[in-house]
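What the coordinates show
Each chain, written out:
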Amino acid sequence: MSRDSYAKLKKIIQNSEHHVIITHWSPDGDAMGSSLALYHFLTGLGKKASVVVPNDYPEFLNWLPGNARVVNYSQQPEKVKKLFAGADLIYTLDFNSFKRLEGLGDLLSQNQTPKMLIDHHQQPDTYAAYQLHDVKACSTCELVYDLICGLGHKKSLNKKIAACLYTGLMTDTGSFRYPSVNSKTHRILADLLETGIHPTDIHSAVYDSYSYNRLKLLGFALNEKLKILPGLPVAYFTLNEKELERFHYVKGDLEGLVNYPFSIKGIQLCALFNETDEYVKISFRSKGHIDVNKFARRYFNGGGHINAAGGKSMESLKLTEEKFVELVKTLF
Ligand code: 5GP
Ligand code: MN
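Residues numbered from 1 in each chain as written. Chains lettered and ligands numbered in written order. Predicted model: local features only at pLDDT ≥ 70, side-chain atom pairs only at ≥ 80, totals over all residues. Heavy atoms only, no water.

1. Some words on the site of ligand 1
Around ligand 1, 13 residues are found, and the nearest of them are Arg100, His121, Lys281, Ser283 and Arg285. Here an oxygen atom of ligand 1 sits 2.9 Å away from a polar atom, N or O, in the side chain of Lys281. Gly303 places a polar main-chain atom, nitrogen or oxygen, 3.0 Å from a nitrogen atom of ligand 1. Calculation on ligand 1 without its partners gives an accessible area of 500 Å², and the protein chains cover 80% of this total. Of all the secondary structure elements, the ones that give two or more residues to the shell around ligand 1 are strand E11 (280-286), strand E12 (303-304) and strand E13 (308-313). If one sorts the elements of the shell around ligand 1 by residue count, E13 sits on top with four residues. Classifying every residue of the shell around ligand 1 gives two nonpolar, eight polar and three charged. (Near = heavy atom within 4 Å. Polar contact = N/O pair within 3.5 Å; in protein donor to acceptor, adjacent residues only side chain to side chain. Areas by Shrake-Rupley, 256 points an atom, 1.4 Å probe, with all protein chains shown as cover. Helix = DSSP H or I, 4+ residues; strand = E, 2+ residues; numbered from the N terminus. Nonpolar A, V, L, I, M, F, W, Y, C, P; charged D, E, K, R; others polar.)

2. Looking at the packing of aromatic side chains
Per the counting criterion, the structure on display carries 13 aromatic pairs. The interplanar angle of 55° and the centroid separation of 5.6 Å between the aromatic rings of Phe284 and Phe300 together place this pair among those described as tilted. Taken together, the residues span a long stretch of sequence, with Phe284 in strand E11 and Phe300 in the loop between helix H11 (292-299) and E12 at a distance of 16 residues. You'll find Phe284 and Phe300 in the same group, each marked buried. (Phe/Tyr/Trp six-rings, centres within 6.5 Å; stacked < 30°, edge-to-face > 60°. Buried < 20%, exposed > 50% of the residue type's maximum accessible area, 1.4 Å probe, protein only.)

3. What to know about unusual backbone geometry
Despite not being glycine, Ser26 shows a phi value in the positive range, around 50°. With respect to the secondary-structure elements, Ser26 resides in the loop between strand E2 (18-23) and helix H2 (29-44). With a relative accessible area of 29%, Ser26 lands in the partly exposed category. Even without glycine at this site, Asn301 takes up a positive phi of about 50°. Within the fold, Asn301 resides in the loop between H11 and E12.

4. A word on the side chain of Ser139
Relative to the helices and strands, Ser139 resides in the loop between strand E7 (130-133) and helix H5 (140-150). Setting aside anything within four residues of it in sequence, one finds Ser139 in contact with Asp30, His120, Gly168, Leu169 and Asp172. (Contact = heavy atoms within 4.5 Å.)

5. A word on a nonpolar patch on the surface
On the surface, a nonpolar cluster with roughly 340 Å² of combined accessible area is contributed by Tyr210, Leu215, Leu222 and Tyr260. Residue position: Leu215 is located in helix H9 (residues 212-225). Residue classification places Leu215 among the partly exposed positions, given a relative accessible area of 49%. (Patch = residues over 30% accessible without salt bridge, like charges linked within 9 Å, V, L, I, M, F, W, Y side chains within 5 Å. Salt bridge = Lys/Arg side-chain N within 4 Å of Asp/Glu carboxyl O.)

6. Notes on the packing of H2 against helix H6 (residues 159-172)
For the pair H2 and H6, interaxial distance at closest approach is 8 Å and the crossing angle is 160°. Taken as axis vectors, H2 and H6 run roughly antiparallel relative to one another. Here H2 and H6 pass one another in a crossing that is left-handed. Contact residues: Gly29, Asp30, Gly33, Leu36, Ala37, His40 and Phe41 in H2; Lys160, Ile161, Cys164, Leu165, Thr167, Gly168, Thr171 and Asp172 in H6. (Axes fitted to C-alpha atoms, helices over the stretch in contact; angles between N-to-C directions. Parallel < 35°, antiparallel > 145°, perpendicular 65-115°, else oblique. Left-handed = near helix turned anticlockwise from the far one by under 90°.)

This is how it looks when you write it as structure tokens:
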């Protein structure tokens, strides 16, 4: 953990005019929630701020306040280059290695602007001059809340900021049930609710948003693709491109699928392998001390948290599955 003093962070924020906020490849609820909350906070201070994403994010996050202002590098690379060139301070939110940006990482590594890392993932790289890093934080949204309050601006919390922060807290904690949740999380939630946001609407906007095809894909995966390794508390799915096409897969349709096997008594590690046109995307989830961050880093070009990590494989889906089945035994 490395948290710079709020006095140090305040100084650089005050002295910077153009602020650029970047989040990771395939942004999730915490990535978008934390980035847009920080955006609303900075613009509220009278600063010029922009949010940049490397690629698209799921439709169930499009309702977030400020969504229309987000700049997508895969669609507007020239605009992003201009923003980078004019930036006084660049924030990197909810990731800690340029590898998590794919192509945008090359552009960022050439940029000399000071960076502020705000993140809760394990083992951060060392590119940031300013850091608000804490693996104990349940979400990057918790750290953005800490930043706002630490700078003495708790009164600036408004409905827009609160809706963004609530979304990230909710999605990164499995709706407030993971071990990262504690009394502080609930105190933050209480502060957010006092701004007048409607949690029921936020839950609905994010979770009651399935298409018919997405629900059928879930049914197919559970019914025909779920495997449990004999003698091990391990369950996993593989999905190839053809299977995904059959259900007209769009980004976000597999969100949450990896967790379903935990509802089977005794399961301690779940995995999902899905084929894309470039590589096999991998998600790992675990319970207790089983460290999937280390596992993903060591064997699958990835990382994340102890109980939730991801990675990728350039090998075929079949070979990736075989490799996993061999290696996962070493965890038990
Ligand atoms: P998910 O399985 O939902 O894609 O990701 C789970 C967690 O692992 C997230 O916190 C995410 O940031 C992290 N993660 C996912 N894919 C990768 C990856 O390829 N590399 C690293 N370092 N982290 C990843
Ligand atoms: Mn996060």
